[in-house]
Amino acid sequence: MRVLVLPRDDQNPYQSLLYGEMERFGARVSYLGRLTPSRTLNLLLLPLETALLGATGPRLVHLHWVFGFTVPAAGKLTGMRRLAQAWFTFWLRTTRLLGVPVVWTAHNVLPHAPVFADDIAARRTLVSSSDLVIAHSHSTLTDLAALGAAPRKSAVIPHGPLAPVLPSALLRVPGTGSGPRNILFFGKILRYKGVEDLIAAFTALPGDLAVHLTVAGQCDDAAMRSRLSALAQAGGDRVVLRLQRIAEQDVAPMLTSADVVVLPYRKVTTSGSAMLALAYGRPLIVPELGAFDHLPREAIVSYDGTLEALTSALTAVARAEGSTLANMATAAHAYAAKLSWHEIAARTKSEMDAVLGCKVLSGGRGEALTPEKELGG
């Protein structure tokens, strides 16, 4: 099986973790849209590249995100977004005419930032063109259906941890030590993640609480950086902002020094940051959103999404007994330890094999490989 992947996201380890294991099962992975240094030229060449790479043998396209279809000046000119949407539709139709199946992993119900003139219509086109939609939770499929984009075939395959799950004996137990409780937000800072809400809720905490907040992650929005800095001033030395990409070697010390990780998202489909926190045995504070329904109840404190409720949740973890946080950490670590990229990759490849088998039976080109053939080389 040859998997044609679009796009490649070098900053997100999800793809390398998934495909590294899939290749052990005999999958051959190639990334589309990287023929030249020019993103625009690569976009124009995409239909031809898909045709050439999909010409022989069992193959399919595995689409993750659509940000690669953004064209220059699209943020200012609606006409450019219409053009991008038309080209996206053309590529999907061309791919289907070539007999190449499309598998979409729905990391997001809708893009975090507008890509096309009508992102909802583009999602409906994508889902109707997909032979399989992979979701990380059942809530994603429910939300897609609410948009009028219910897939013909779907599979729910969980998101794996984005870091090795270390033995619990090597991890600091949250709630230990004599210093203040350390609360951490970690991840790229975008509007939908609610970091402004977090700082506002934190600065409303009682002044006598021994608690400290660190906000760590890349923030490319200059206006948001300014707003976050202004909000943080109200927290004095209890709030620290690290608004830059955190170096890989600094991630583990930052997470293990935290007593609780808080992810105050206003909306979300999938959170790699949540899985990362659980892998390090960190209790979580998260809003009551469907994307978090699958997380272990024993490891999280949930709130209704309001600032007042977030302040109450922060107060509760700041005042919690150390044994309470330790028990939450045990539940978090146990959940992450059960998620194996080997099993996730095996399930993903099995679902893709089924798609290729259906295509062969319905007249698609190429021979459907059995697991025995693939594993045997």
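As a starting point, this report considers the structure included with it.

Definitions and limits used
- Residues numbered from 1 in each chain as written.
- Predicted model: local features only at pLDDT ≥ 70, side-chain atom pairs only at ≥ 80, totals over all residues.
- Heavy atoms only, no water.
- Helix = DSSP H or I, 4+ residues; strand = E, 2+ residues; numbered from the N terminus.
- Rg over C-alpha atoms; globule rule 2.2 N^0.38 Å.
- Buried < 20%, exposed > 50% of the residue type's maximum accessible area, 1.4 Å probe, protein only.
- Contact = heavy atoms within 4.5 Å.
- Areas by Shrake-Rupley, 256 points an atom, 1.4 Å probe, with all protein chains shown as cover.
- Core = buried A, V, L, I, M, F, W, Y, C linked by side-chain atoms within 4.5 Å.
- Phe/Tyr/Trp six-rings, centres within 6.5 Å; stacked < 30°, edge-to-face > 60°.
- Lys NZ or Arg CZ within 6 Å of the ring centre and 35° of its normal.
- Polar contact = N/O pair within 3.5 Å; in protein donor to acceptor, adjacent residues only side chain to side chain.
- Salt bridge = Lys/Arg side-chain N within 4 Å of Asp/Glu carboxyl O.

### Remarks on the overall build of the protein
The number of helices and strands found in the protein is 13 helices and 12 strands. On C-alpha atoms alone, the protein measures out to a radius of gyration of 22 Å, which is about the 21 Å that the 2.2 N^0.38 rule sets for 377 residues. By principal-axis analysis of the C-alpha atoms, the protein measures approximately 70 × 50 × 35 Å. Across the 377 residues in the protein, those meeting the buried criterion constitute 51%. Restricting to contacts in the protein with at least 6 residues of sequence separation, those with at least 24 account for 74%. Entry remark: accessible area of the protein is about 16800 Å², with carbon and sulfur atoms responsible for 56%.

### Digging into the environment of V195
Residue placement: V195 occurs in helix 6 (residues 195-203). Relative accessible area serves as the criterion here: at 2%, V195 is assigned to the buried category. C-alpha separation for the pair V195 and V102, spaced 93 residues apart in sequence, amounts to 35 Å. Among all residues touching V195, those that are not within four sequence positions of it are F185, I189, V215, L228 and P264.

### Examining the nonpolar core
In terms of nonpolar packing, the biggest core is built from 66 residues, with I189, V215, L278, L284, I285 and L314 touching the most fellow members. Excluding its chain neighbours within four sequence positions, the residues that come into contact with I189 are V195, V215, G217, Q218, C219, M224, L228 and L243.

### Details of the packing of aromatic side chains
Inspection of every chain in the model, using the stated rule, returns 10 aromatic pairs. For the pair Y265 and F292, a centre-to-centre distance of 6.2 Å together with 35 degrees between the ring planes defines the contact as tilted. Here the residue Y265 occupies a position in the loop between strand 10 (260-262) and helix 9 (272-279), and F292 occupies one in the loop between strand 11 (284-287) and strand 12 (300-303), the gap between them amounting to 27 residues. For the pair Y265 and F292, a shared accessibility class is recorded, and that class is buried. Chaining the aromatic ring pairs together yields one cluster made of F69, F88, W91 and F116. One Lys or Arg, R8, reaches over the ring of Y31 and ends 4.6 Å from the middle of that ring.

### Details of the environment of P47
With respect to the helices and strands, the residue P47 is situated in helix 2 (residues 39-53). A relative accessible area of 11% places P47 in the buried class. On a C-alpha basis, the gap between P47 and F88 in space is 9.8 Å, while along the polypeptide they are 41 residues apart. With residues up to four places along the chain from it excluded, the contact list for P47 reads W87, F90, W91, T94 and L98.

### Description of the side chain of E21
With respect to the secondary-structure elements, E21 resides in helix 1 (residues 14-22). For E21, the side chain forms a polar contact with the side chain of H342, separated by 3.2 Å. Residues within four places of E21 in sequence aside, it is in contact with W341, H342 and A345.

### Structural notes on the pattern of salt bridges
Overall, the coordinates contain 10 salt bridges when judged by the stated rule. Between R227 and E196 there is a salt bridge, and its shortest N-O distance comes to 2.6 Å. Of this pair, R227 sits in helix 7 (residues 222-233) while E196 sits in helix 6, and the two are 31 residues apart along the sequence. What makes R227 partly exposed here is its relative accessible area of 30%. Here R266 and D197 are joined by a salt bridge, their closest N and O atoms 3.0 Å apart.

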